[in-house]
Amino acid sequence: MSNPATPPRSLAEALRARDDASLAVLLRARPDLITPVPTDLTQLATRAGTRASVLRALERLDRFALQTAEALSVAGDPASYQELLGLMAGDGEDPAVAGELPRAVAALRDQALVWGDDDRLRLVRTAREVLAPSPQHPSPTGLGPTVREATSGMSPGRIQEIVAAAGLPSTHDPVSAVDALTKLFGHRKKMAKLLAAAPAESREVLSRLVWGPPYGQVTPEPAAHLRWLLDRGLLLPTAPGTVVLPREVALHLREGRAHREPEPVPPAVEPAAAHRPQVVDATAAGQAYTTLATVEELLKDWDEGGPAVLRAGGLSVRDLKRTAVALDVPEPVAAFWVELAYAAGLLASDGEADERYAATPAYDEWLDRPPAERWAQLAEAWLTATRTSGLVGGRDAKDRALSALGPGLDRSAAPEVRHRVLTLLAALPEGTSPAADPVLARLRWERPLRGPQQHGDDLRTRLARWTLSEAELLGVTGRGALSAHGRTLLGAPAVEKTPGGQAAEPSGPGDKLPVRHHHLAPALEPLSPPEQAVATATAGRLLAPLLPEPLDHVLLQADLTAVAPGPLRRPLADALGVLADVESKGGATVYRFTPASVRRALDAGQTAADLHAFLTTHSRTPVPQPLAYLIDDVARRHGHLRVGAASAYVRCDDDSVLNEIMADKRAAGLRLRRLAPTVLATQADPAALLEGLRAMGYAPAAESAEGDVLITRAHAHRTPPRTAPEPVPDGPPPPDSTLLAAAIRAIRAGDLAATAPRKSAGAAVRGGELPRTTAAETLATMQAAVLTGDTLWIGYVNAEGTASQRVIAPIRVEGGFVTAYDHTADEVRTYPLHRVTGVAELAEE
């Protein structure tokens, strides 16, 4: 075991010195380290240093923490805190950098990217390899190699010439010469004196290279001002025709700073506009109602079977355009609504041979729920979904088109970005909204390695822009500001409004929602599924009073229209949707009655008397005479003609009507022939005959083989039960407290088995090896430990052939098995003696 008073010699020793709370912080920040759980702290340290894990951890650093790691990569190994402070703050000692540097170093330590005390800070070797400058991978700092690295292949004579030209005494070996040159370049006063003697053109060359890239090209016969720099080692050759500015020279010219612009403080997200919170909530509630109406309209349009599924999966461009026209929205917005319904499990493919999209059985359950609960389900699906509708219409890595509902739309960063954008809005005063650019700048500061910032259109930036627009569409925000129900959806407690508009204390499950804090500013961490369910229910409860109450009446007008001044109750809306066509939507919906719409209601089994009674019951105005006449006229002619299968026939008790049909030139395409004075026959199928006669202005009714009128009702096509698409995680999910505690306990126990001091029983035991004893020695040692209560160290090979070492306290030995308390697993276990490779007693400390 390492002495806590001595500095750690490795990352494993540094982790061993941590307490459980510190290990929990590490494992929560880097969950890939416990997938699966390491056997001990040495394996945990090894895993924390792998390239894939280090890159993932670096990607999650904010800009200043990343700049700190970059500075450590060009500092000495190890480096003192003062050396690091000099690289970050420069000779001027920037107070903002000095104030934030402890936070950045602590963040790097927490994630096991840096270990050691303040006087011996060490960057994990893999991180140093990734961030340190090299000709193939320039450092983000713009610094080049050190003098020692740049002169590694130079002849001793040439090094002595450089030392002499720089005004230093000659040395007996190149190592001391390079050391002298390095000390000169790191001495502020001596370097200032040396550069003061440089020609102006030479100083201009250095100024062009100082902030990177540090490499330049020279001719075989360089100019005098370049020769002056080369002679004194201020530029060093790295390859024929290529020179580099040594790191020590660049740091002197930069006044000690590793970065041109350290960014210790994140960009502020300031309010750009302010509104009354009541206005924000009302606007968001209006959008929430529009969300429900749009999703219902979409799935109602696909009720009898929607568009066909492409062979490669997804919705065709033509079908997406048709959907956009039907919803009266742009195509990107239509793609958002389609993907939202799919993410919520309301829409899926039916899996038939002729595969089509249709509503799922969950859609019917969703329709039966209160409006606020329906919105909350959609909002939660959007917040946690990894499918990204904004990608629709683009191309994937293989230059294939990305279609709505198709493959390739999952982006694992989407939930994190959505949550972070809304969290930034939640940090603003209630009712205020920011401009988009400060939000994007803040996100780029928080995750600088997640995308190419120079183009301004990296994935995180696009996700953030889509989040702002989608949140407004969905009603999470109103006028760009986060609503009260949107705030609660994130897990933040919101102030409820009483019916009188006064603030009321929150009550119910929302009171217990966890509010967590970011290391920079108050923020909210993503909620666990149980917490999110509570937050979603609370958000729906806050939204419910703001949604309009469904109405049970319409206003009939003399121009054959009906005006619904608000949302209608479902039975009324469904019945009116059959009897009339929607002419316009908005705050008030206008329905128009036409002969075709009335005939549609009659085909569904209604009679004229039923329609009159329906309108009288649900209209606040008298039924206009033109509408009553329309219903009676269509009903009088409805079913006067009968169509059956001959292939098809038409029969009518009034032969003059059939004479009129036969004489009509528009009937030529139907190829009718008279079978009897009251019967016409044709080779066309009954459906085509029905449509043809209706196009000629008649109102035929279909009849069955028994002569009864066929009643046609809308057929709701549903898919088999389908589950909503699972989000694609961005790496292993963060472990919960229970898993963390169990993992840390297992790692500690395994580390105890690996590091406990022990003495050999029989054969000598070398460090890192399993003990080896004979079967007789193993049995004797086990039996003795049962009597004395000693703890033993054993080697064990399981049935799969995996070897491990364990610390056990034997309780009973019988029948070829040992029952013992296993300190490694923290439980009582039974082991076959023939699988124990050997045993050793633990040494007394």
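Fair warning: this is a prediction, and the values are worked out from it, not measured in the lab.

Asker: Looking at this structure, I do not really get the environment of Ala596. What am I missing?
Answerer: With respect to the helices and strands, the residue Ala596 is situated in helix 27 (residues 595-603). Relative accessible area serves as the criterion here: at 39%, Ala596 is assigned to the partly exposed category. In the structure, Ala596 is positioned 38 residues away from Val634 in sequence and 8.8 Å away in space, judged by C-alpha atoms.

Asker: What is the right way to look at the packing of aromatic side chains in this model?
Answerer: We describe a pair of aromatic rings using the distance from one ring centre to the other and the angle between the two ring planes. Here the structure, examined in full by the defined rule, presents 4 aromatic pairs. Considering the side-chain rings of Tyr796 and Tyr831, the 4.8 Å spacing of their centres and the 65° angle between planes classify their relative orientation as edge-to-face. Separated by 35 residues along the polypeptide, Tyr796 in strand 24 (residues 792-797) and Tyr831 in strand 27 (residues 827-832) bring together distant segments of the chain. Seen from the ring of Trp366, Arg374 lies directly overhead, with NZ or CZ sitting 5.3 Å from the centre.

Asker: Any chance you could explain the pairing of strand 4 (residues 236-239) here in plain terms?
Answerer: Put simply, side chains in a regular strand alternate between the two faces of the sheet. Pairing of strand 4 with strand 5 (residues 242-244) involves 3 bridges; the strand directions are antiparallel. Bridge pairing in strand 5 links Pro237 to Val243. Counted along the chain from strand 4 to the antiparallel partner strand 5, the turn is 2 residues long, and its residue Gly241 has a positive phi close to 85°.

Asker: Would you mind going over the nonpolar core with me for this structure?
Answerer: The tendency in soluble globular proteins is for nonpolar side chains to be buried side by side. Counting residues in hydrophobic clusters, the biggest one holds 87 residues, and the most contacted among them are Leu15, Phe185, Leu234 and Leu235. In contact with Leu15, other than residues within four places in its own chain, are Leu23, Leu26, Leu41, Leu44, Ala45, Ala112 and Arg748. Residues Ala324, Ala381, Leu422 and Leu474 belong to the second largest nonpolar core, which totals 52 residues.

Asker: Where do I start with the sheet that holds strand 16 (residues 581-584) in this structure?
Answerer: What holds strands together in a sheet is hydrogen bonding between their backbones, with the strands either parallel or antiparallel. Across the sheet, which stays open at both edges, the 4 strands sit in the order 14-15-17-16 with antiparallel pairing between neighbours. The sheet terminates laterally at strand 14 (555-557) and strand 16, the two strands that pair on one side only. Strand-to-strand twist in this sheet, taken as the mean axis angle between neighbours without regard to direction, amounts to 30°. Sheet analysis places strand 16 next to strand 17 (residues 589-592), joined by 3 bridges and oriented antiparallel. Directly across from Asp581, in strand 17, lies its bridge partner Arg592.

Asker: Teacher, can you tell me more about helix 33 (residues 775-788) here?
Answerer: Residues that lie three or four places apart on an α-helix share one face, since the helix turns once every 3.6 residues. Over its 14 residues, helix 33 runs 20 Å from end to end, which matches the ideal 20 Å to within 8%, given 1.5 Å per residue. Residues of helix 33 that are buried: Thr778, Thr781, Met782 and Ala785. Each buried residue of helix 33 sits inside an arc of 100° when the element is viewed along its axis, so together they form one side. For helix 33, the exposed residues lying more than 90 degrees away from the buried face are Ala776 and Leu787. Elements in contact with the buried residues of helix 33: strand 24, strand 25 (803-814), strand 26 (817-822) and strand 28 (836-842). Trailing helix 33 by a residue or two, Gly789 shows a phi angle of about 75°, which is positive.

Asker: What exactly am I supposed to notice about the environment of Gln43 here?
Answerer: Position of Gln43 among the secondary structure elements: in helix 3 (residues 41-48). Given a relative accessible area of 30%, Gln43 falls into the partly exposed group. For the pair formed by Gln43 and Ile747, sequence separation is 704 residues and the distance between their alpha carbons is 9.2 Å. The contact partners of Gln43, leaving out residues within four places of it in the chain, are Val37 and Pro38.

Asker: Explanation requested: the pattern of salt bridges in the structure shown.
Answerer: Oppositely charged side chains may form a pair once their charged atoms are brought near each other. Going through the model one piece at a time under the given rule, you end up with 39 salt bridges. A salt bridge links Arg447 to Glu416; the shortest N-O distance between them is 3.6 Å. One end of the pair, Arg447, is in the loop between helix 22 (436-446) and helix 23 (459-474); the other, Glu416, is in helix 21 (residues 414-426), with 31 residues separating them in the sequence. On the basis of relative accessible area, Glu416 is assigned to the partly exposed category, the value being 23%. A salt bridge links Asp633 to Arg637; the nearest nitrogen and oxygen atoms lie 3.8 Å apart. Here Asp633 and its partner Arg637 are both found in helix 29 (residues 625-637), 4 residues apart, which amounts to about one turn of the helix. The class for Asp633 is partly exposed, based on a relative accessible area of 28%. When salt bridges that share partners are traced, they join Arg158, Glu161, Arg227 and Asp231 into one network.

Asker: It is not clear to me how empty space enclosed by the protein should be interpreted in this structure. Could you clarify?
Answerer: Empty space left among the atoms is revealed by rolling a probe the size of a water molecule over them. This model, assessed by the stated rule, comprises 5 cavities of 30 Å³ or more. Its volume calculated, the largest cavity comes out at about 90 Å³. Lining the largest cavity are Phe336, Glu339, Leu340, Ala343, Trp382, Ala385, Arg387, Thr388, Ser389, Arg418 and Glu470. When residues of the lining of the largest cavity are assigned to their parent elements, the largest contribution, 4 residues, is made by helix 18 (residues 331-343). Considered class by class, the residues forming the lining of the largest cavity number 5 nonpolar, 2 polar and 4 charged.

Asker: Sorry if this is basic, but what is going on with the sheet that holds strand 5 here?
Answerer: The 3 strands are arranged 3-5-4 in an open sheet whose pairing can be described as antiparallel. Every interior strand has two partners, whereas the edge strands, strand 3 (215-217) and strand 4, have only one. The sheet shows a mean angle of 40° between the axes of neighbouring strands, taken without regard to direction.

Asker: Sorry, what's going on with the confidence of the model for the protein chain here?
Answerer: In regions of low pLDDT, the predicted coordinates are not meant to be interpreted in detail. Overall, the predicted model of the protein chain reaches an average pLDDT of 85, with 90% of residues at or above 70. Within the protein chain, strand 13 (residues 503-504) has the poorest average pLDDT of any element, 40, and helix 18 the best, 96. Contacts from residues 451-456, a stretch scored under 50 in pLDDT, to residues over four places away or in other chains number 6 contacts. Within the model, the stretch residues 760-768 combines pLDDT values under 50 with 10 contacts to residues more than four positions away or in other chains.

Asker: In this structure, what is going on with unusual backbone geometry? I would like to understand it.
Answerer: In terms of backbone geometry, most residues other than glycine have negative phi values and most peptide bonds are trans. For the peptide bond that leads from Thr35 to Pro36, omega is -5°, which places it in the cis range. By secondary structure assignment, the location of Pro36 is in the loop between helix 2 (20-29) and helix 3. The step from Asp77 to Pro78 runs through a cis peptide bond, and the omega angle for that step is 5°. Positive phi, close to 60°, is recorded for Ala112, a residue that is not glycine. Looking at where Ala112 falls in the secondary structure, it is placed in the loop between helix 7 (95-110) and strand 1 (114-115). The phi angle at Asp328 is positive, at roughly 60°, despite the residue not being glycine. Looking at the element boundaries, Asp328 is found in the loop between helix 17 (317-327) and helix 18. You can call Asp328 exposed: its relative accessible area is 66%.

Asker: Help me out: how do you make sense of the side chain of Thr423 in this one?
Answerer: Examined against the element boundaries, Thr423 turns out to sit in helix 21. A polar contact is formed between the side chain of Thr423 and the backbone oxygen of His419, at a distance of 2.6 Å.

Asker: Help me understand the side chain of Thr386 in this model?
Answerer: With respect to the helices and strands, the residue Thr386 is situated in the loop between helix 20 (371-384) and helix 21. In this structure Thr386 comes out as buried when scored by relative accessible area, which is 3%. A distance of 2.9 Å separates the side chain of Thr386 from the backbone nitrogen of Val728, its partner in a polar contact. When sequence neighbours within four positions are dropped, the list of residues in contact with Thr386 reads Leu409, Asp410, Arg411, Ser412, Ala414, Pro415, Pro727 and Val728.

Asker: How do you make sense of the packing of helix 11 (residues 174-186) against helix 12 (residues 188-196) when you look at a structure like this?
Answerer: A pair of packed helices can be characterised by two numbers: the angle between their axes and the separation between those axes. Running from N to C, helix 11 and helix 12 cross one another at 85°; their axes reach a closest spacing of 5 Å. Regarding the angle of helix 11 to helix 12, the classification is roughly perpendicular. Taken together, the residues of helix 12 that come into contact with helix 11 (itself represented by Leu184, Phe185 and Gly186) are Arg188, Lys190, Met191 and Leu194. Looking at the contact of helix 11 with helix 12 residue by residue, the classes come out as 4 nonpolar, 1 polar and 2 charged.

Asker: Could you clarify how one ought to interpret helix 28 (residues 608-618) in this entry?
Answerer: The set of residues buried in helix 28 consists of Ala608, Leu611, Phe614 and Leu615. On an axial view of helix 28, the arc spanned by its buried residues comes to 125°, and they lie on one face. Facing away from the buried side of helix 28 by over 90 degrees, the exposed positions are Ala609, Thr616 and Thr617. Residues of helix 28 that are buried make contact with strand 14, helix 26 (570-579), helix 27 and helix 29.

Rules used in this analysis
- In this numbering scheme, every chain counts its residues from 1 along its sequence in written order.
- Whole-chain, interface and lining totals are the exception, using all residues; otherwise, since this is a predicted model, local features are given only for residues with pLDDT of at least 70 and side-chain atom pairs are given and counted only at 80 or more.
- With hydrogens and water set aside, each side-chain value is computed from the structure's full complement of heavy atoms.
- Helix and strand definitions here come from DSSP, where helices need a minimum of 4 consecutive H or I residues and strands a minimum of 2 consecutive E residues; each element is numbered from the N-terminal end.
- The rule is simple: take the accessible area with a 1.4 Å probe, protein chains only, and divide by the maximum for that residue type; under 20% is buried, over 50% is exposed, in between is partly exposed.
- Side-chain rings of Phe, Tyr and Trp (the six-membered ring for Trp) are treated as a pair once their centres are within 6.5 Å; stacked means planes under 30 degrees apart, edge-to-face means over 60, and tilted covers the remaining angles.
- For a Lys NZ or an Arg CZ to count as sitting over a ring, it must be within 6 Å of the ring centre and within 35 degrees of the ring normal.
- Pairing between two strands is assigned when DSSP locates at least 2 bridges connecting them.
- Only buried residues count toward a nonpolar core, which is a set of Ala, Val, Leu, Ile, Met, Phe, Trp, Tyr and Cys residues joined through side-chain atoms within 4.5 Å.
- Note on definitions: a residue-residue contact is assigned when non-hydrogen atoms from the two residues lie within 4.5 Å.
- Each axis is a line fitted through C-alpha atoms, and for a helix only the stretch in contact is used; angles between axes span 0 to 180 degrees, taken between their N-to-C directions.
- Expected span, for any helix, means 1.5 Å times one less than how many residues it has.
- Each direction from the helix axis to a C-beta atom contributes to the arc, which is the arc of those directions.
- Any carboxyl oxygen of Asp or Glu that lies within 4 Å of a side-chain nitrogen of Lys or Arg is treated as forming a salt bridge with it.
- The distinction between a cavity and a pocket rests on a 1 Å grid over the protein atoms alone: a 1.4 Å probe fits inside a cavity but cannot get out, while a pocket stays open yet meets protein on both sides within 12 Å along at least five of seven lines, and a residue with an atom within 4 Å of a point counts as lining.
- Grid points are joined across faces, edges and corners, and a volume is the space filled by probe spheres set on the points.
- Each residue receives one of three labels: charged for Asp, Glu, Lys and Arg, nonpolar for Ala, Val, Leu, Ile, Met, Phe, Trp, Tyr, Cys and Pro, and polar for the others, Gly being one of them.
- Known as pLDDT, the predictor's confidence for each residue is given on a scale from 0 to 100.
- Counting of polar contacts relies on pairs of N or O atoms within 3.5 Å, with two restrictions inside protein: one atom must be capable of donating a hydrogen and the other of accepting it, and residues adjacent in sequence are counted only when both atoms are side-chain atoms.
- Should an angle lie under 35 degrees it is considered roughly parallel, over 145 roughly antiparallel, and from 65 to 115 roughly perpendicular; all remaining angles are considered oblique.

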